[in-house]
Number of protein chains: 2
Amino acid sequence: MSLEQVLAQVDEALPQATARLEELLRIPSISTDPAHADACVHAADWLVADLQSIGFDASKRQTPGHPMVMAHGSDTGGPHVMFYGHYDVQPVDPLDLWDRPPFEPQVEDTPKGKVIRGRGSSDDKGQLMTFVEACRAWVAVHGSLPTKVSIFFEGEEESGSPSLVPFMTDNADELTADVALICDTGLFGDATPAIVTRLRGLLGEEITITGPNKDLHSGMYGGIAMNPIRVLSKIIAGLHDETGRITVPGFYDDVAELPEDIAKQWHDLGFSNAEFLGEVGLGVAAGEQGRTGLEMIWSRPTCEVNGISGGYEGEGFKTVLPSKASAKISFRLVPGQDPHALRKSFRAHVEAQLPSDCSVSFKGHGASPASEMTTTHPAFEAARGALSDEWPNPAAYVGCGGSIPIAGYFKDILGMDAMLIGFGKDDDQIHSPNEKYDLSSFHKGIRSWVRILDAISKT
Amino acid sequence: MSLEQVLAQVDEALPQATARLEELLRIPSISTDPAHADACVHAADWLVADLQSIGFDASKRQTPGHPMVMAHGSDTGGPHVMFYGHYDVQPVDPLDLWDRPPFEPQVEDTPKGKVIRGRGSSDDKGQLMTFVEACRAWVAVHGSLPTKVSIFFEGEEESGSPSLVPFMTDNADELTADVALICDTGLFGDATPAIVTRLRGLLGEEITITGPNKDLHSGMYGGIAMNPIRVLSKIIAGLHDETGRITVPGFYDDVAELPEDIAKQWHDLGFSNAEFLGEVGLGVAAGEQGRTGLEMIWSRPTCEVNGISGGYEGEGFKTVLPSKASAKISFRLVPGQDPHALRKSFRAHVEAQLPSDCSVSFKGHGASPASEMTTTHPAFEAARGALSDEWPNPAAYVGCGGSIPIAGYFKDILGMDAMLIGFGKDDDQIHSPNEKYDLSSFHKGIRSWVRILDAISKT
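Owing to the predicted nature of the structure, the values given are computational and were not obtained by experimental measurement. (Residues numbered from 1 in each chain as written. Chains lettered and ligands numbered in written order. Predicted model: local features only at pLDDT ≥ 70, side-chain atom pairs only at ≥ 80, totals over all residues. Heavy atoms only, no water.)

Chemist: What is the right way to look at the interface of chain A and chain B in this model?
Modeler: How big an interface is tends to be reported as the loss of accessible area on association of its parts. Each partner contributes to the interface: chain A provides 77 residues, whereas chain B provides 86 residues. Carbon and sulfur atoms supply 57% of the area buried between chain A and chain B, which totals about 6700 Å² over both sides. The interface formed by chain A and chain B contains zero salt bridges. Here chain A is connected to chain B by 39 residue pairs in polar contact (both at pLDDT 80 or more). Classifying every residue of the side of chain A that touches chain B by side-chain character gives 29 nonpolar, 31 polar and 17 charged. Bridge analysis of strand β11 (residues 302-311) of chain A against strand β11 (residues 302-311) of chain B gives five bridges, and the strand direction is antiparallel. Across the sheet, residue I308(A) finds its bridge partner in β11(B), namely G310(B). (Contact = heavy atoms within 4.5 Å. Buried area = accessible area lost by both parts, 1.4 Å probe. Salt bridge = Lys/Arg side-chain N within 4 Å of Asp/Glu carboxyl O. Polar contact = N/O pair within 3.5 Å; in protein donor to acceptor, adjacent residues only side chain to side chain. Nonpolar A, V, L, I, M, F, W, Y, C, P; charged D, E, K, R; others polar. Pairing = 2+ DSSP bridges. Helix = DSSP H or I, 4+ residues; strand = E, 2+ residues; numbered from the N terminus.)

Chemist: Help me understand the sheet that holds strand β13 (residues 324-333) of chain A in this model?
Modeler: Consider a sheet: its strands pair through backbone hydrogen bonds, and that pairing is either parallel or antiparallel. The strand order across the open sheet formed by eight strands is β14(A)-β9(A)-β13(A)-β11(A)-β11(B)-β13(B)-β9(B)-β14(B), and the pairing between neighbours is antiparallel. Of all the strands in the sheet, the pair left with one neighbour each is β14 (359-368) of chain A together with β14 (359-368) of chain B. Across the sheet, the mean angle separating the axes of adjacent strands is 20 degrees when strand polarity is ignored. Most of the contacts of helix α12 (residues 339-352) of chain A go to β14(A), to which it runs at about 160 degrees, and overall it touches β9 (201-210), β13 and β14 of chain A. Across the sheet, helix α8 (residues 228-237) of chain B lies against β11 of chain A together with β9 (201-210), β11 and β13 (324-333) of chain B, angled at about 15 degrees from β13(B), the strand it touches most. (Axes fitted to C-alpha atoms, helices over the stretch in contact; angles between N-to-C directions.)

Chemist: How should the state of the cysteines be read in this particular structure?
Modeler: Each disulfide consists of a covalent bond between the sulfur atoms of two cysteine residues. This model, assessed by the stated rule, comprises zero disulfides over all chains. The structure places no disulfide on C358(A), whose sulfur is separated from the nearest cysteine sulfur, that of C303(B), by 16 Å. (Disulfide = S-S within 2.5 Å.)

Chemist: Is there a simple way to think about the packing of aromatic side chains in this case?
Modeler: Any aromatic ring pair is given by two values, namely how distant the centres are and how the planes are angled relative to each other. Residue and element names in this part refer to chain A. Within the structure shown, the criterion is met by 37 aromatic pairs over all chains. Considering the side-chain rings of F83 and F153, the 6.3 Å spacing of their centres and the 90 degrees angle between planes classify their relative orientation as edge-to-face. Here F83, found in strand β3 (residues 80-86), pairs with F153, found in strand β6 (residues 148-154); they are 70 residues apart in sequence, far enough to count as distant. Relative accessible area serves as the criterion here: at 0%, F83 is assigned to the buried category. Given the relative accessible area of 0%, F153 is considered buried. Their ring planes at 80 degrees and their centres at 5.3 Å tell us that F131 and W449 sit as a pair that is edge-to-face. Taken together, the positions of F131 in helix α4 (residues 125-142) and W449 in helix α15 (residues 439-457) put the pair 318 residues apart, joining distant regions of the chain. Overall, the relative accessible area of 0% leaves W449 in the buried class. (Phe/Tyr/Trp six-rings, centres within 6.5 Å; stacked < 30°, edge-to-face > 60°. Buried < 20%, exposed > 50% of the residue type's maximum accessible area, 1.4 Å probe, protein only.)

Chemist: What should I look at first to understand the sheet that holds strand β5 (residues 113-117) of chain B in this one?
Modeler: All names here are of chain B. If you walk across this open sheet you meet the three strands as β4-β5-β18, and the pairing is antiparallel. With one partner strand each, in any of the chains shown, β4 (106-110) and β18 (436-438) form the two edges of the open sheet. Direction aside, the axes of adjacent strands within the sheet are offset by 35 degrees on average. Alignment of β4 against β5, held across five bridges, turns out to be antiparallel. By the bridge assignment, D109 is partnered in β5 with K114.

Chemist: Help me understand the relation of the copies chain A and chain B in this model?
Modeler: Superposition of chain A onto chain B requires a rotation of 180 degrees combined with a translation of 2.1 Å along the rotation axis, giving an RMSD of 2.2 Å. Taken as a fraction of all interface residues of chain A, those also at the interface in chain B reach 99%, which identifies the copy contact as same-surface. (Least-squares fit on C-alpha atoms with pLDDT ≥ 70 in both.)

Chemist: Would you mind going over the environment of P369(B) with me for this structure?
Modeler: Tracing the backbone shows P369(B) in the loop between β14 and β15 (371-372). With residues up to four places along the chain from it excluded, the contact list for P369(B) reads G201(B), Q337(B) and P339(B).

Chemist: Just checking my understanding: could you explain α8(B) for this structure?
Modeler: Residue pairs spaced three or four apart in an α-helix point in one direction, given the helix's 3.6 residues per turn. Residue and element names in this part refer to chain B. Most of α8 is tucked away: nine of the 10 residues are buried. Along α8, the residues that are buried comprise P228, I229, R230, V231, L232, S233, I235, I236 and A237. One side-chain oxygen of the residue at the start of α8 lies 2.9 Å from the amide nitrogen of I229, identifying that residue as N227.

Chemist: So what exactly am I meant to see when it comes to the pairing of β5(B) here?
Modeler: If a strand is regular, its side chains alternate between the two faces of the sheet. Residue and element names in this part refer to chain B. What sits between the antiparallel neighbours β4 and β5 is a turn of two residues. Where β5 and β18 come together, three bridges link them in antiparallel fashion. By the bridge assignment for β18, R117 is matched with K436.

Structural measurements only, silent on function.
Below, the structure is given as structure tokens:
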């Protein structure tokens, strides 16, 4: 079957593909907001109908939350791929920071080229539609797909995926394929596609220090009574040593050094700390001394305070010596680290630093290990070659600092490796006002999947 | 004029006096919150009308902020006293920790006796009304006051008193008397009244650290981007050394040791750290090593964090790496320390610790020096004798850890010494939920002022 004809079909049908994406973007499927539950169902129905229109055996599946969409193409005999995306989107507040209504998408001309503007345009409706459009082009030209394709969309990714693991467990057979494809990540650079093979895990902890049994007047008690903000600050300040290393006992025990070949690949990507940090107003890499910027965000574990709170936080001033102070602290974990063991170690570390008359309570917020793909499945090299054919620069195996739990679930529940390939850009403003997806990401994304399906079919 | 008759009148009219206090407590005069500005005016009007009803020439005086109340009794020829109190109150949050609505006061029976519960019951509406009720009793019995009395109430004490100094300067003649009386402090113990002769000053600073120019995703940026909460925590953690001393350069340069006679008096008060701290659930004195508890709260300077805020503080978890983090920090100052010089030193100290790509902004919240009274005016010994007549134990000259800047202003602007006499108790929960004032404090407070006015009239 001719690949070139399919790519030409993608180019020709881009206006129609864009119009379809805009139609999907107009459905306000905010999963975290119960007021938008109907919109989530609407988005699922839309996708089922669209997939049926190109020959998939597609259906909506109920869950205790928002529905899943499952679709299967006909069995062509080639390797079986399972594509994952999510049709739900982030909330849109603060609404007044949007330049246009978030659910009235439009193609805009910008100094950097055309973009599709609207909530979900990049995360993840635009990305998932790159795959659907690639399938449509194959079917339009050849009447069938080059390999066996299944599709799995969820509608709760932006609200913690409560139904995902039970659904995957209950439907393990149906969801198991030779390899998973996930489109929820980004390009490494404008001209450099990437396949994510390392994802950091996440350990979240909320700690609350209690000093006095009630809020006190800092005049009456200041000096003699221990202030829990002072205790909390000291604990937080001590979580990193002067070289940027995390001081929780045993934290690095199971952290391996990066293999030399990967280190070399990353070095060749020419990542610039100054450029990356400059875009957010910073200039100095804050992680462990002696590590590269890419190591800091991809292969080294971190500790961040995501929130801190205590005493009087309103306008003006109140001379209170508060009873409590609390912080939300998260650790990004790398392969080898056990989140449950580290939770214990962290809690013991905090307790060991408490003054004898203060107490601490802990609340866990998630504990997921890091994942590392084994890239020996032939689909990996096939996809890397296909991406390298489409883009100016060769594709790279990269890391991802964030946590994409679905990749771990495919591995742990279904025993499948996942290839994370996406076309988002750092400036897409996902989760923020004025989210966009470059029209070039959409167009070349579709072309990329056309090539990847072709390449995988030949493995 | 018979003192005993006036005291009997106080005892008899206590229910009416309590009802009047409850009426004043129902006015939610939170000065720091602009939404309550009308309530502040309402409280001032209420006081003007009440003072007029007992023969004072009373009026409300406009300021750029909340109004002052000024009132003058007729000139009886005796020494002229100027009584000060404040009608504004602290905010009430966290509201859910109140056992009853803060502005619906009520007399409650407790295991320790009857209390008047409500915001401002102790600080300072209950206290100021002890003096007003004492005047009312004198007028009820004798048709006039025993000495020349003026009254001065402000409505901005809990929000930094921005209008106070200009008003005192502009109205210096009208505000000058022989001695000032201030009712905003407490008993030393249930049976031991006190006259405060040392007050700590206050320097308030709000600092905001900015790292990245927007909130970041802690997965994408965690590790490489500096987190402003980490910077802020380190600065706060470093404000005290391991011996409890404050590390701001020059902080102790002008701090004198306590004179031996005062140290002896304080020692004789038999203050117990364990008992004082035990009441608020603590057990270890947190101040400078080698200092007594009374030194820590009365004669040594302190540094407290009154509030801290940054990142995501709501329910659940959000993996944000925030752009900003801020803290409200206050220093209690002792005689000799210059708040303006220390503000500069503090700011320089913070700036010196900033990573090169983070910035800090400061907002000052008040800067008042400590005060120390000279007790040679005969009114001091007259008041000490009168208090000793009313209470089981003799009255003591003590220190006060809080800042009552008005005492310093009376001295510096008007050349008057001030006697700080009050009837609050340590467990009044001022500035906290469930504030109360013992009915016995209110009752014996009124009786104390009746005696003090009598004693001063005879000097």
